[in-house]
Amino acid sequence: MIRLGYACISVNTKNNPNKKTTVAQVNKLEPQARLKKLRQVLQTNFFNLMDLLAYNVERRIFLYRLPSEFVPLATHQVSADWDWAKEFAWDFQKAGEFIRKNGIRMTAHPGHFNILNSDKPAVVESTIADFSYHARVFDLLGLDDNSVLVTHVGGVFNDKPSSLDRFASNFERLPESVKKRLVLENDDTSFTMREVLELAERLGIPMVFDIHHHMCHSDGEDWVEYLPRIIQTWGDRTPKMHLSSPKSEREFRAHADNIDVDQFIQFASALSNYNVDIILECKNKDDALLTLRRELKKKGIGVEAFAEQA
């Protein structure tokens, strides 16, 4: 079975849990007004999250990436005196109940500014804090370890072996709440599928395979040959992968609006012996997912368990 999901934003509904504010905006306010603003943003995000999850369930979409900014400025000093976890405990409980009841898999992809293998201590500290925030959100929702946090290895810093070793060393500094959720993804410029897989095996954590990134950056390895090893890193958990189509030959690294159906069929065919969750990384988000389902249905292909629900 292959289940499809999308990242953060629905283009078919206005109710997206990605409302945010900025440090500059908040700093203009008095302390009480500042807290009120932060509370309003998070409350709106909870309302929108519940609406969006209901929208997804109606369309039998059970895989969704939560926006990283769900709790506004959660790791910034401006929120240091705000106990958002305590204030919104009921909201986390109710959202978690809905997610678990409907079998939804929630994931997250902490922002690109998180670089665990950085050679700057301050960057490593802020990365650990941001990873911990993401893990806390999933813990408050009561989600199991299928709700993973996806990250890239980071920078090469002119010394790839040392950069890989530094990631491994800093990984050991992470709290257990993060370690049990953190997974590694191959990227499109720095670390190849094989390099990331070897690091994931070394650390005993799962690897998310991104085929578009592999098409952009590899050492010529045939990813299908590595597939059993990638799947094995997940143990008893359901493997998760990413799929996107290149925007064009000229802008190959950029994501296309939709998924090329023939590319998807080729990718899914190699996964036919596995249960896999695939996040579609497209500009058209949920609409790209629904469009792909319709195109597959026209071809008489039921690759996804719920493909008939177009």
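Note: the structure precedes this text.
Cut-offs and rules
Residues numbered from 1 in each chain as written. Predicted model: local features only at pLDDT ≥ 70, side-chain atom pairs only at ≥ 80, totals over all residues. Heavy atoms only, no water. Disulfide = S-S within 2.5 Å. Buried < 20%, exposed > 50% of the residue type's maximum accessible area, 1.4 Å probe, protein only. Phe/Tyr/Trp six-rings, centres within 6.5 Å; stacked < 30°, edge-to-face > 60°. Helix = DSSP H or I, 4+ residues; strand = E, 2+ residues; numbered from the N terminus. Pairing = 2+ DSSP bridges. Right-handed = clockwise from strand over helix to strand, strands pointing away. Core = buried A, V, L, I, M, F, W, Y, C linked by side-chain atoms within 4.5 Å. Axes fitted to C-alpha atoms, helices over the stretch in contact; angles between N-to-C directions. Parallel < 35°, antiparallel > 145°, perpendicular 65-115°, else oblique. Contact = heavy atoms within 4.5 Å.

A. Spatial organisation of the state of the cysteines. On inspection of all chains with the given rule, the structure shows zero disulfides. Distance from the sulfur of C8, which forms no disulfide, to the nearest cysteine sulfur (C282) is 13 Å. Residue classification places C8 among the buried positions, given a relative accessible area of 17%. The thiol of C216 is unpaired, and the distance to the nearest cysteine sulfur, on C282, comes to 14 Å. We classify C216 as buried; its relative accessible area is 18%.

B. Fine view of the packing of aromatic side chains. Tallied over the full model, the rule gives nine aromatic pairs. Taking 4.9 Å as the distance between ring centres and 90° as the angle between the ring planes, the aromatic pair formed by F46 and F92 counts as edge-to-face. Linking F46 in helix 2 (residues 31-58) with F92 in helix 4 (residues 89-101), this pair joins segments that are 46 residues apart in sequence. Take F46: its relative accessible area is 3%, and that puts it in the buried class. Plain terms: the ring middles of W84 and F92 are 6.0 Å apart, the flat faces sit at 50° to each other, and that makes the pair tilted. Its relative accessible area of 5% is what places W84 among the buried residues. A residue is classified by how much of its surface remains accessible, and F92, at 1% relative accessible area, is buried.

C. Broad picture of unusual backbone geometry. Phi is positive for N158, close to 65°, though the residue is something other than glycine. Looking at the secondary structure, you find N158 in the loop between strand 4 (149-152) and helix 6 (160-171). Positioned with a positive phi, K285 is a non-glycine residue whose angle comes to about 50°. Structurally, K285 can be placed in helix 12 (residues 285-298).

D. Examining the pairing of strand 7 (residues 240-243) more closely. Residue alternation in strand 7 divides its side chains into two sets, K240 and H242 and M241 and L243, and both sets are buried. Alignment of strand 6 (residues 207-210) against strand 7, held across two bridges, turns out to be parallel. Across the sheet, the residue bridging to F209 is M241, located in strand 7. Note: strand 7 against strand 8 (residues 276-280), four bridges, orientation parallel. Across the sheet, the residue bridging to M241 is I278, located in strand 8. Between the parallel pair strand 7 and strand 8, the chain is carried across by helix 11 (residues 261-270), and the sense of this crossover is right-handed.

E. The nonpolar core, seen in detail. Core analysis: the biggest nonpolar cluster contains 85 residues, and V71, W84, M106 and I278 have the highest contact counts within it. Residue contributions to this core peak at nine residues, all from helix 2. V150, V183, V208 and W234 belong to the second-largest nonpolar core, a separate cluster that totals five residues.

F. How the structure looks around the packing of helix 2 against helix 4. Look at helix 2 against helix 4: their axes get within 11 Å of each other, and the N-to-C directions meet at 10°. For the element pair helix 2 / helix 4, the angle class is roughly parallel. Touching Q43, F46, L49, M50, L53, A54 and V57 of helix 2 are D91, F92, K94, A95, F98 and I99, all from helix 4.

G. Spotlight on the side chain of S163. Structurally, S163 is set in helix 6. Apart from residues lying up to four places away in sequence, S163 is in contact with N117, G155, V156, F157 and F191.

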